[in-house]
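# What the coordinates show
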2 protein chains.
Amino acid sequence: MAEEKIIGIDLGGTTVKFAILTTQGEIQQKWSIQTNILDEGSHIVPDIVESINHRLNLYNMQAEDFIGIGMGTPGSVDRKKGTVIGAYNLNWKTTQPVKEQIEKGTGIPFTLDNDANVAALGERWKGAGDNEPDVVFITLGTGVGGGIVMEGDLLHGAAGCAGEIGHITVDPDGFECTCGKKGCLETIVSATGIVRVARKLSEEYAGASELKQLLDSGEEVTSKDVFELAEEEDQLAMMVVDNICYYLGLACGNIGNLLNPSSLILGGGVSAAGEFLRSKVVAYFKQFTFPQVTESTRIKLAQLGNDAGIIGAASLALKLEE
Amino acid sequence: MAEEKIIGIDLGGTTVKFAILTTQGEIQQKWSIQTNILDEGSHIVPDIVESINHRLNLYNMQAEDFIGIGMGTPGSVDRKKGTVIGAYNLNWKTTQPVKEQIEKGTGIPFTLDNDANVAALGERWKGAGDNEPDVVFITLGTGVGGGIVMEGDLLHGAAGCAGEIGHITVDPDGFECTCGKKGCLETIVSATGIVRVARKLSEEYAGASELKQLLDSGEEVTSKDVFELAEEEDQLAMMVVDNICYYLGLACGNIGNLLNPSSLILGGGVSAAGEFLRSKVVAYFKQFTFPQVTESTRIKLAQLGNDAGIIGAASLALKLEE
């Protein structure tokens, strides 16, 4: 009898990442292709089908060797129909019948979910989440997103918006957000948010600071620069990091008070600041949680990096068996 | 073949409420007994067993007619072991083997959960929740509690603290809470919180107000008085109601942004203020949610009143079949 395997796909605006995994979540093969977003993204799904078929051929594998394919995608997902709409970084403006096309092209059952949810599944299964039933994943990147697994299930909500951690209101009188409201977590702790906070605090700051000099001289400053300068004890940079950790700790605290997950995992580019970031978030998390939550919910750093997406996507395929 | 039924028990510090229901959630018999908390609450479980056996005898029913018994209880519940500890209003200071005693005494399978979770299950199943998969229930009483059902499952969290909505931090510099931190929702929107807000705003208020007169003259003022005076357009009372609805709207907004339930149900004594309260909370909820959540998550008033507990408790017994 053939060993059963699963395929994970992480569809992004620049590359499509693929992996073949065992049902235990071990990656056996991994490859990627460029995302061709020309012609309204109409080449994307055919390219995915061709790449999978090519690889199976190369590895001398058949469709029957697989339980299924799971994919994480940007945009709005209709999980029942297996379609995606409004993925603007893929040029997908109209409804894309992804499941139908991939199942027809590969002969393998297919399922999908949005990219933030899929990364949460990956970190929960094989990363910092220790495969516990209750895990929340926060991705701190250009934007702030997330995914929530509770009682072993990914949460979706009435309109698929569960896990939109970036739009928690942490400062009712704060910065305006692209979503239309004010003071969203994303306006403060995303990569662009951190620079925004730096500019704001710099205006009021009068002391010596390399960060202030960089900002004042019109240099391009990134969130990475802010963290590096803070580690070198630049006073303004330390104020900025403290400010963003306060709001991230408040948001994490309220997620803890509401859901009490065993792990609250910080991932995405900003989390590269590592323990320097985590320890400061933990300090505010303690301030904003009641004792049983302070003791039972742990703030952790993500462990899988870019692999979270393909691993979590593949884990979706395991549900096809149930 | 016997028609299958379920029993729901709502255990409180003053009374124990019982009901026999169909598996469709229709109440067929309902009764209650006083809670005897003497002798460290050691009479409570024997009284429950005796009352059930007496009623089954009265209605000419057998243990075999029932799928199971579900109970909602104060205190900390160990669902696997079927025990309760730390229910101080029952005088239960040590671990109580409730499941073991009730199953032995009645011959009917037994399961339990905490009272706020059980009320959430009731409102979701037969009340304002329309039996949708994603429903959050907030109880506004002496304290503020709640229960969260997502993807059809009650959420518990790592240490059983999921749904502790009263301890969401809504005002980081606000009132001190009994839990040890500051600015918890409960310090503002519980029955006692509302009076606390009234006293605070009264100090700064200089205009004419019956509420201010009552407070200043040392009269006992309740949250009900505050709402009634606000409906009569007492200026201070209106400010108090606006203030508490702002924080309740902020908390509801962040629950919406994080979980996107189809219904967010307001219950408990304070919710007796009805549409006057709900409409003001909705206005702030809209301000604090992003568009897809504003459109898909509805703020509703609880519909079952005191029956939410027995109905939700009984629904726990349906899970015994699975």
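Residues numbered from 1 in each chain as written. Chains lettered and ligands numbered in written order. Predicted model: local features only at pLDDT ≥ 70, side-chain atom pairs only at ≥ 80, totals over all residues. Heavy atoms only, no water.

### Notes on the relation of the copies chain A and chain B
Its rotation angle being 180°, the transformation that places chain A on chain B also includes 0.0 Å of axial translation and leaves an RMSD of 0.0 Å. Classification of the inter-copy transformation places it as that of a two-fold axis. (Least-squares fit on C-alpha atoms with pLDDT ≥ 70 in both.)

### Quick notes on the side chain of Ser190 of chain B
Residues and elements named next belong to chain B. Mapping Ser190 onto the fold places it in the loop between α5 (186–189) and α6 (191–204). At 2.7 Å, the side chain of Ser190 and the backbone oxygen of Glu186 are in polar contact. Filtering out sequence-adjacent residues up to four positions away, Ser190 remains in contact with Gly141, Thr142, Gly143, Val144, Leu185 and Val270. (Helix = DSSP H or I, 4+ residues; strand = E, 2+ residues; numbered from the N terminus. Polar contact = N/O pair within 3.5 Å; in protein donor to acceptor, adjacent residues only side chain to side chain. Contact = heavy atoms within 4.5 Å.)

### Thoughts on the domain arrangement of chain A
All names here are of chain A. Segmentation of chain A into domains returns domain 1 (5–121 + 307–321) and domain 2 (131–301). Of note, the centres of domain 1 and domain 2, computed from C-alpha atoms alone, are 30 Å apart. On the domain 2 side, the residues contacting the eight residues of domain 1 number 10 residues. Approximately 740 Å² of surface area, both sides summed, lies buried where domain 1 meets domain 2, with 59% of it carried by carbon and sulfur atoms. (Domains from an automatic or database assignment. Buried area = accessible area lost by both parts, 1.4 Å probe.)

### Some remarks on the packing of helix α4 (residues 115–126) of chain A against helix α12 (residues 307–318) of chain A
Residues and elements named next belong to chain A. Remark: α4 packs on α12, axes separated minimally by 7 Å, with the N-to-C direction vectors making an angle of 90°. The orientation of α4 with respect to α12, classified from their angle, is roughly perpendicular. For the pair α4 and α12, contact is made by Val118, Ala119, Leu121, Gly122, Glu123, Trp125 and Lys126 and by Ala308, Gly309, Ile311, Gly312, Ala313, Ser315, Leu316 and Leu318, respectively. Here the contact of α4 with α12 is composed, by residue class, of nine nonpolar, four polar and two charged. (Axes fitted to C-alpha atoms, helices over the stretch in contact; angles between N-to-C directions. Parallel < 35°, antiparallel > 145°, perpendicular 65-115°, else oblique. Nonpolar A, V, L, I, M, F, W, Y, C, P; charged D, E, K, R; others polar.)

### Notes on the pairing of strand β1 (residues 5–11) of chain A
All names here are of chain A. Here β1 lies mainly inside the structure; seven of its seven residues are buried. The side-chain alternation of β1 yields two buried faces, one formed by Lys5, Ile7, Ile9 and Leu11 and the other by Ile6, Gly8 and Asp10. Sheet topology note: the β1/strand β4 (residues 66–73) ladder contains six bridges and is parallel. Opposite Ile7, over in β4, you have Ile69 as the bridge partner. Pairing geometry for β1 and strand β2 (residues 15–22), over seven bridges, is antiparallel. Looking across to β2, one finds that Ile6 is bridged to Leu21. Two successive antiparallel strands, β1 and β2, enclose a turn made up of three residues. (Buried < 20%, exposed > 50% of the residue type's maximum accessible area, 1.4 Å probe, protein only. Pairing = 2+ DSSP bridges.)

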